[in-house]
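# Descriptive analysis of the structure
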Number of protein chains: 2
Amino acid sequence: MKDFDVISTRAPRIDTPDKATGKAVFVDDIQKKGMLFGALLQSPHAHANILSIDTSKAEALPGVKAVITSKEAGTIKYGVSPARYDEMVFAVDRVRYVGDEIAAVAATSLEIALIAVELIEVKYEVLPAVFTLEEALKEGAPQIHEDFPGNLCAEVHQEFGDAEKVLAQCDIVKTSTVKNKRQDGACIEMQGCIAEFDNRDTLTLITSTQVPHYVQRTVAMVLGLDVGKVRVKKPYLGAGFGIKASANPMELACCILARETRKPVKMNYTREQVFMLARARHQFTHTITTGAKKDGTLVALKHECWLDGGAYSSFGIATVYYSGSLLGGPYKLANMKYDGYRVYNNKPACGAQRGHGAVIARACFEQQLDMIAEEIGMDPMELRIKNMMETGDTTCNDLNMSSFGMSECIEAVRSGSNWDKKKGNMPESKGIGMACGFFVSGAGYPIYRSDTFHGTVIVKLTEDGGTALVYTASAEIGQGSDTAFAMIAAEALGIPLDNIRLASGDTDMGVDLGAYSSRQTLMTGHATKEAAEHARAQVLEVLSEQLDVPVQDMNIRNGFIEFKANSPDFSELRTRYIKEHRGWTDNPDSEKLTFKEASRIAFLERGSIVGTGKYKPHNLGGKFKGAAVGTSPAYGCSAQVAEVTVDEGTGMVTIDKITDAHDCGRAINMTSVEGQMEGSVSMGIGEAMHEEVIFDAKGHVLNSDLAEYKIVTAMDMPQVNAVVVESNEPNGPFGAKEVGEGAIMPTIPAILNAVYDAIGVRIYELPLTPERVYFAIQEYKEKTGAA
Amino acid sequence: MKDFDVISTRAPRIDTPDKATGKAVFVDDIQKKGMLFGALLQSPHAHANILSIDTSKAEALPGVKAVITSKEAGTIKYGVSPARYDEMVFAVDRVRYVGDEIAAVAATSLEIALIAVELIEVKYEVLPAVFTLEEALKEGAPQIHEDFPGNLCAEVHQEFGDAEKVLAQCDIVKTSTVKNKRQDGACIEMQGCIAEFDNRDTLTLITSTQVPHYVQRTVAMVLGLDVGKVRVKKPYLGAGFGIKASANPMELACCILARETRKPVKMNYTREQVFMLARARHQFTHTITTGAKKDGTLVALKHECWLDGGAYSSFGIATVYYSGSLLGGPYKLANMKYDGYRVYNNKPACGAQRGHGAVIARACFEQQLDMIAEEIGMDPMELRIKNMMETGDTTCNDLNMSSFGMSECIEAVRSGSNWDKKKGNMPESKGIGMACGFFVSGAGYPIYRSDTFHGTVIVKLTEDGGTALVYTASAEIGQGSDTAFAMIAAEALGIPLDNIRLASGDTDMGVDLGAYSSRQTLMTGHATKEAAEHARAQVLEVLSEQLDVPVQDMNIRNGFIEFKANSPDFSELRTRYIKEHRGWTDNPDSEKLTFKEASRIAFLERGSIVGTGKYKPHNLGGKFKGAAVGTSPAYGCSAQVAEVTVDEGTGMVTIDKITDAHDCGRAINMTSVEGQMEGSVSMGIGEAMHEEVIFDAKGHVLNSDLAEYKIVTAMDMPQVNAVVVESNEPNGPFGAKEVGEGAIMPTIPAILNAVYDAIGVRIYELPLTPERVYFAIQEYKEKTGAA
């Protein structure tokens, strides 16, 4: 007998047929009666004082219904960063990047709105601007925000043990610096939204967001409304990846335009505007020093990180924290020192993207592990196994690996890739490399230091007893959360998945912090399970009363009531209900009592059966300052092996194969887990190989379209062998934990290590464009005098 | 101190701003991605055998996605009448009226669908048809349904006491026959619907219905789906009046087209098709004999009624029951005999319309009361007062007047109209007349003899504590039910109406039998009150735990927590919550604890606070056969005085003034009650004065538009003086009961009695067109030899 009937299977996702057939409704598919169209005026200058704004010509244009600036929008700072609120809806007296929002227009057509935007006259005094970390940090550099001298947005300093002292005594010490490039989230769907006030002053915002809850709170704060008077709904999303994980200025402008016009207003970002909004992966410069003993035991890590933040904070401080704290594992390491800095400049703000803050740190660190292994002549996989944490271990910075299938992951990629045979025996110009990684399953505390539950769910049974309706405010953004929750509800109720209907992404349905930090399955999954169990308990209570059988002697499974002892005689009950209650049963002669029958009895006796569930993590606080931010109820972990071919003549790197294993705790839906693993690998390859947002000398994005900014397509994908490793996470619902972000961690270092294996040259800067690889080889050859 | 804070006031309706500003979304405003358009093929013959149907040409037309006939639709009988199911989606081998549905088409545009309908080739064998009661009952008449010989659709026979015997001994016996004309519901919005299957086989039907619940059940039955796999949603409605109180063939065809095409399909009736669907007020022929004592005491009533039913049952048998049973009151009457018959013919089926079945019976009976009063020289008002039932009385057919403000109603119209001065003293050609009436507040049993709750409601508090969301499947059809339930929820929770948001008309939200038989306020109102009280109790429970104050020592009123004894010291609680829970309170220095604060505490301690409520009437069963159908938990009652001017030269009757009083129990919203009273009067005037659906000799409607079929407009409305009489109905929520239909009861007889008062001629046939009145006067003059 299987432990589970619904979860741990390969259920067809409940959202994909809609998407495959074109039925799925995205924000821009939605039309409202009398809808207006909004457009933004954004700064053409990277840094300038606003001397005056004249909206009179725009207002006079026929069809224009409202023109708003900071006068209407106010000057409330709404930024998402826990420590730094510097973002306002519109610039007040200064613009800080090309794209900084200044004004917005609502008109009867998008064309009119766009013309009106052009008619707004802004007088600027252009200021000197800085675009790089180095320029921004220079003495006398232009200051982006008066209250942050030296352009230092945020800094984090952590020390566990005594890294400096221990490093001084190490047998082996390796130091290197790795630098990536600013990325764009490159969601296929550009952000869009529709805001509308009803006639009783409730604002509904339909928006392509990962976090309806936070958008609800931000909108309420900025517009001065009660949270209960703001409803945020999320239709289908064309991805998020972190970029849609906070309210954006367009959403807020849209709500203000709706308030001013009392009409529904729709706004959309163009692809160019998406690049201007940015809020995606930072450019990181990590300098890491790792110390080890001769036998390969890791003993200390010293780590300095500089983030090229852009003009505003966005997730700034959280990103800095994650960049440091997620090197605390998955290896035993007693001494760790971290100094992280986020620096302002006059480019669009960077924010969170899949694997928030931790991806490049991991790339740098895992490269060093290979260097150490090489130096002591140890197989890099053996080095990692030797230092690996065990289930129940806690990192020096208080991350508890309450479940930890890392050894199984390594074994899976070792055998899956045929590592033992291949490593050291790769043909000319081919290489093999590996890396590990781990990631949080949700953050211990909400962004905004809110005190709310992280998720609440309602399960309501239909009156016919046959269907359970699951209501959650969670955010299906393409990751498969709707299907996961439907499966969890089905499993917890003991009924088939087909009998679940689910509605999500609506703040009216409850609280849910949304889709970020890989939190949905564990956190909302918990709330879903509790709500389903609550509904189930009520059905069994009523049945217990009717049959005089204790609740604990009954079970529900596969849609049938099971009795632990001998089945009671329910013929009297059946006869009575058939007689008194028309249509009570579909199978009057069945020998088994169905859930549908029992649930219908519960309805007839008590009315609507409604179960509620909630989730808040247990106390995770560590003893170290700032530890809390990085901590999570659980951590997913993974190992990957990359195989590459490098053409030394051109510098072209081809990824031949990725073997990927991930411990996701209990896999709710095997197919979705694999999908997340493959998606993570694809994003990691994009970041490793070719993604880079390029600016001109005045701060304009040069490649703000998906023709010039290249993401990985199906054509670029290597063979991926994804192996799901299941563990039983004690803090997860049915033992489940994350997969959506952790799976990206090993991809870049595994590729970097494989490239080194192929060409013997270490590359410390991303992406691995042919040009960069070619010149690295040339430089190496020159240095070493190789032919 | 007032008893109530929210109810019994004049709250602005929550739906009217949307309607007044054009924001309201009706079915036809809704567009779906990839939506197809449906059209119906309807019979051009009143009676014919279908020899063959050839859909091949229609199917071959480009753009046509499906053509369906009874082959696809099946032959399940779905009729709404409790005793007679004779309606199928499509005619199988015989059509029975002009408009009988034969086939439907879904195509990429309405134009293509309409062309395709024309391309369906049907071979008919035309049969002899019958169009009147008399023709249908003739020996040897064509038989409409084989299983109903003699074209008798339904009959009801009731006897209470011994009417025949008592009549034989009466001092005064009056017999008369009154006949009305077939009406159209004439809703401003014609029926429309959109059906769509999602990719998990759940069918959503958005439709302009009064009864989402029954439509859900009918659709599930006809399509063979689980009820839980069918969701019916009702957007704003442009009225219903009973005509939209059951599933119609278009809704079912639309669902089948959606199943066949796997696309959303929209269908709308044209105005002509609305007249063809009919299902509105029957033509009744009532013959009533009333017996009284010399002193005016009523003693017996003998009543025969014939209904011209049309080709199918619709609400047939329920209509026949109501026609008889609602004469059991409001007067004391020990002996009543009723024989009612509904007869088939080859016209569209009649059904339910405001005041279901009872309006013309009341018109006939209240006219006779005036005849009796005249004969014994008694003021007609005095005669009614003399015979009036009292609170708590039960009629001979078991209707219990658990609240009964009839005396107050009569006094109100007496003084309001200045009756005592005017009656007997009206100027030449002017007349005054009065009548009384009563009606059910919901039917004791659901249509379909379902065993379900009549209403379930869910109340969910938002996490910020400030707003209560009320979810009900009830049907706001223009009568104001959404506002009534929002007010009831606010009153029960103890918070202002502004803090309620309400969603209704969606079967996913619960069970609600819908808007018919004036059931919403009493029945759904009960469920709403219970759900709100359940949510309130949970808030107080948590507060009780936190403050150590017993629940019963606390109250919630106007958004504040009230303490019965001395207010406890909640400063510690406040300090703790302010410290631990960011944003817990808006008013940290207030001396009072608000509901918002308490409700937020409840959320933070327990998660989502969800209250559930339900309603099912107590056992109402009477001892007489069929009594149950007519019984209700409560009865609204009313009195009206009409003042008219009759132009004897032209026969033109002008209604000068209506004085109307109605006992609605506790008025939830005074303004809405008055609106229902005025609306009822307007419909009564239309029926009395000019509404009549006219057919040609072959069964085609001749006046199937609102230019030729005249309903009352603002221009036709007399001054209406509406007086709300409040009683405290023990079976109603906060004492409320019906007003929507009972208020029409006295209108027609009051007008008839006023016309008699003006011209001395009794008219027994409606409507009172100038022609009919003129000839009645001429005939009277000829008969009596008057000048």
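Check the secondary structure of chain A and you find 22 helices and 25 strands. By the compact-globule yardstick of 28 Å for 787 residues, chain A fits well, its C-alpha radius of gyration being 28 Å. For chain A, the spread of C-alpha atoms along the principal axes amounts to about 95 × 75 × 50 Å. Put simply, 80% of the contacts in chain A that link residues at least 6 apart link residues at least 24 apart. With an accessible surface of roughly 26,500 Å², chain A has 51% of that area assigned to carbon and sulfur atoms.

Summed over the entire model, instances satisfying the criterion amount to 28 aromatic pairs over all chains. Between the aromatic rings of Tyr331 of chain B and Phe365 of chain B, the centroid separation amounts to 6.1 Å while the plane-to-plane angle is 55°, which identifies the pairing as tilted. Here Tyr331 of chain B, found in the loop between helix 10 (316–325) and strand 15 (335–344), pairs with Phe365 of chain B, found in helix 11 (residues 359–376); they are 34 residues apart in sequence, far enough to count as distant. By relative accessible area, Tyr331 of chain B is classed as buried at 2%. Sitting over the ring of Phe734 of chain A, Lys529 of chain A keeps its end group 4.9 Å from the ring centre.

Let's shift gears to the packing of helix 16 (residues 520–547) of chain B against helix 17 (residues 571–580) of chain B. All names here are of chain B. Contact geometry of helix 16 with helix 17 gives a least axis separation of 10 Å together with a crossing angle of 105°. When the interaxial angle is binned, helix 16 and helix 17 end up roughly perpendicular. In this structure, helix 16 contributes Leu543, Gln546 and Leu547 to the contact, and helix 17 contributes Leu573, Arg576 and Tyr577. Residues of the contact of helix 16 with helix 17, tallied by class, amount to four nonpolar, one polar and one charged.

Within a beta sheet, neighbouring strands are joined by backbone hydrogen bonds and run either parallel or antiparallel to one another. All names here are of chain A. If you trace the four strands from one edge of the open sheet to the other, you get 19-18-17-22, paired in mixed fashion. If you trace the sheet from one side to the other, it starts and ends with strand 19 (500–503) and strand 22 (610–615), each paired once. Strand-to-strand twist of the sheet, defined as the mean angle between neighbouring strand axes without regard to direction, takes the value 20°. As paired elements, strand 17 (residues 455–461) and strand 18 (residues 468–472) share five bridges and run antiparallel to each other. Across the sheet, residue Leu461 finds its bridge partner in strand 18, namely Ala468. Relative to strand 19, helix 15 (residues 481–493) is tilted by about 140°, and along the sheet it contacts strand 17, strand 18 and strand 19. Of the strands in this sheet, strand 17, strand 18 and strand 22 touch helix 16 (residues 520–547), which is tilted by about 150° from strand 22.

This next bit is on the relation of the copies chain B and chain A. Screw-axis analysis of chain B against chain A gives a translation of 0.0 Å along the axis, an RMSD of 0.1 Å, and a rotation angle of 180°. What the superposition gives is, in effect, a two-fold axis relating one chain to the other. Mapped onto chain A, 100% of the interface residues of chain B again fall at the interface, so both copies present the same surface.

What you tend to see is this: most non-glycine residues have negative phi, and most peptide bonds are trans. Going from Leu766 of chain A to Pro767 of chain A, the amide bond is cis rather than trans, its omega being -10°. You can see Pro767 of chain A is positioned in the loop between helix 21 (747–759) and helix 22 (770–784). Across the junction of Gly329 of chain B and Pro330 of chain B, the peptide omega takes the value 0°, indicating a cis bond. Tracing the backbone through its elements, the reader meets Pro330 of chain B in the loop between helix 10 and strand 15. For Ser517 of chain B, which is not glycine, the phi dihedral falls at a positive 50°. For Ser517 of chain B, the location among the structural elements is in the loop between strand 19 (500–503) and helix 16. Overall, the relative accessible area of 7% leaves Ser517 of chain B in the buried class. Non-glycine residue Asp548 of chain B carries a positive phi angle of around 55°.

Within the structure shown, the criterion is met by 100 salt bridges over all chains. Asp420 of chain A is the salt-bridge partner of Arg414 of chain A, the closest N and O atoms lying 3.0 Å from each other. Since its relative accessible area comes to 13%, Arg414 of chain A is described here as buried. Residue Asp656 of chain B is joined to Lys430 of chain B by a salt bridge in which the shortest nitrogen-to-oxygen separation is 3.6 Å.

So, on to the side chain of Arg384 of chain B. Residue placement: Arg384 of chain B occurs in helix 12 (residues 380–387). Sequence-distant contacts of Arg384 of chain B, that is, excluding residues within four places in its chain, are made with Tyr331, Glu366, Leu369, Asp370, Ile410, Met434, Ala435, Cys436 and Asn753 of chain B.

Quick look at the sheet that holds strand 24 (residues 652–663) of chain A now. All names here are of chain A. Judged by pairing direction, the sheet is mixed, and its four strands sit side by side in the order 16-23-24-25 without closing on themselves. Of all strands in the sheet, those bounded by a partner on one side alone are strand 16 (430–440) and strand 25 (719–725). For this sheet, the mean angle separating the axes of adjacent strands, direction not counted, is 20°. As paired elements, strand 16 and strand 23 (residues 635–647) share eleven bridges and run antiparallel to each other. In the sheet register, Gly433 faces strand 23, and the bridge partner there is Ala642. Contacting strand 16, strand 23 and strand 24, helix 21 runs over the sheet at an angle of about 160° to strand 16.

To continue, consider the interface of chain B and chain A. Opposite the 63 residues of chain B that make contact, chain A presents 63 residues. Across the salt bridge formed by Lys23 of chain B and Glu196 of chain A, the nearest N and O atoms sit 3.8 Å from each other. Here chain B and chain A share 34 residue pairs in polar contact (both at pLDDT 80 or more) between them. Counting only elements with at least two residues in the side of chain B that touches chain A, the list comes to helix 1 (16–21), strand 9 (192–197), helix 7 (212–223), strand 17 (455–461), strand 18 (468–472), strand 19, helix 18 (595–606) and strand 22 (610–615) of chain B. Tallying contributions element by element places helix 18 of chain B first for the side of chain B that touches chain A, with six residues.

Before going further, it helps to spend a moment on helix 22 (residues 770–784) of chain B. Residues and elements named next belong to chain B. Compared with an ideal rise of 1.5 Å per residue, which puts 15 residues at 21 Å, helix 22 spans 21 Å between its outermost C-alpha atoms and is within 8% of the ideal. Turning to helix 22, the residues buried within the fold contact strand 23 (635–647), strand 24 (652–663) and helix 21 (747–759). In the stretch just after helix 22, Gly785 is the one whose phi turns positive, near 70°.

All names here are of chain B. Closest axis-to-axis distance for the helix 12/helix 13 (residues 406–417) pair is 11 Å, and the angle between their directions is 165°. Considering the angle they form, helix 12 stands roughly antiparallel to helix 13. The element helix 12 and its partner helix 13 pack so that their crossing is left-handed. Counting all contacts with helix 12, which are made through Met381, Glu382, Arg384 and Ile385, the residues of helix 13 involved are Ile410, Glu411, Val413 and Arg414.

Time to look at helix 13 of chain B. Residue and element names in this part refer to chain B. Taking 1.5 Å of rise per residue, the twelve residues of helix 13 would be expected to cover 16 Å, and the 16 Å separating its terminal C-alpha atoms lies within 8% of that figure. Restricting attention to buried positions, one finds in helix 13 the residues Met406, Cys409, Ile410, Ala412, Val413, Arg414 and Ser417. Elements in contact with the buried residues of helix 13: helix 12, helix 14 (419–422), strand 16 (430–440), strand 23, strand 24 and strand 25 (719–725). Phi turns positive one or two residues past the end of helix 13, at Asn418, with a value near 60°.

Our focus in this paragraph is the pairing of strand 9 of chain B. Residue and element names in this part refer to chain B. Buried residues dominate strand 9, accounting for six of its six residues. Burial of strand 9 is two-sided: the residues Gly192, Ile194 and Glu196 facing one way and the residues Cys193, Ala195 and Phe197 facing the other way are all buried. With four bridges joining them, strand 9 and strand 12 (residues 265–268) adopt antiparallel strand pairing. The residue bridging Gly192 from the neighbouring strand is Asn268, located in strand 12. With five bridges joining them, strand 9 and strand 10 (residues 203–207) adopt antiparallel strand pairing. The partner of Ile194 across the bridge, within strand 10, is Ile206.

A few words now on the state of the cysteines. Residue and element names in this part refer to chain A. In the structure shown here, the tally under the stated rule is zero disulfides over all chains. Cys364 provides the cysteine sulfur closest to Cys305, a residue in no disulfide bond, and the two sulfurs are 9.4 Å apart. Of the residues examined, Cys305 reaches a relative accessible area of 0% and is grouped as buried.

A few words on the nonpolar core. Val646, Ile751, Val755, Ile759 and Leu768 of chain A are the most contacted members of the largest nonpolar core, which totals 109 residues. Ranked by residues supplied to this core, first place goes to helix 11 (residues 359–376) of chain A with nine residues. Sequence-distant contacts of Ile759 of chain A, that is, excluding residues within four places in its chain, are made with Val646, Glu648, Val773 and Ile777 of chain A. Counting 108 residues, the second largest nonpolar core, distinct from the first, contains Val156, Met406, Ile658 and Ala758 of chain B.

Conventions we followed
- Residues numbered from 1 in each chain as written.
- Chains lettered and ligands numbered in written order.
- Predicted model: local features only at pLDDT ≥ 70, side-chain atom pairs only at ≥ 80, totals over all residues.
- Heavy atoms only, no water.
- Helix = DSSP H or I, 4+ residues; strand = E, 2+ residues; numbered from the N terminus.
- Rg over C-alpha atoms; globule rule 2.2 N^0.38 Å.
- Contact = heavy atoms within 4.5 Å.
- Areas by Shrake-Rupley, 256 points an atom, 1.4 Å probe, with all protein chains shown as cover.
- Phe/Tyr/Trp six-rings, centres within 6.5 Å; stacked < 30°, edge-to-face > 60°.
- Buried < 20%, exposed > 50% of the residue type's maximum accessible area, 1.4 Å probe, protein only.
- Lys NZ or Arg CZ within 6 Å of the ring centre and 35° of its normal.
- Axes fitted to C-alpha atoms, helices over the stretch in contact; angles between N-to-C directions.
- Parallel < 35°, antiparallel > 145°, perpendicular 65-115°, else oblique.
- Nonpolar A, V, L, I, M, F, W, Y, C, P; charged D, E, K, R; others polar.
- Pairing = 2+ DSSP bridges.
- Least-squares fit on C-alpha atoms with pLDDT ≥ 70 in both.
- Salt bridge = Lys/Arg side-chain N within 4 Å of Asp/Glu carboxyl O.
- Polar contact = N/O pair within 3.5 Å; in protein donor to acceptor, adjacent residues only side chain to side chain.
- Expected span 1.5 Å × (residues − 1).
- Left-handed = near helix turned anticlockwise from the far one by under 90°.
- Disulfide = S-S within 2.5 Å.
- Core = buried A, V, L, I, M, F, W, Y, C linked by side-chain atoms within 4.5 Å.

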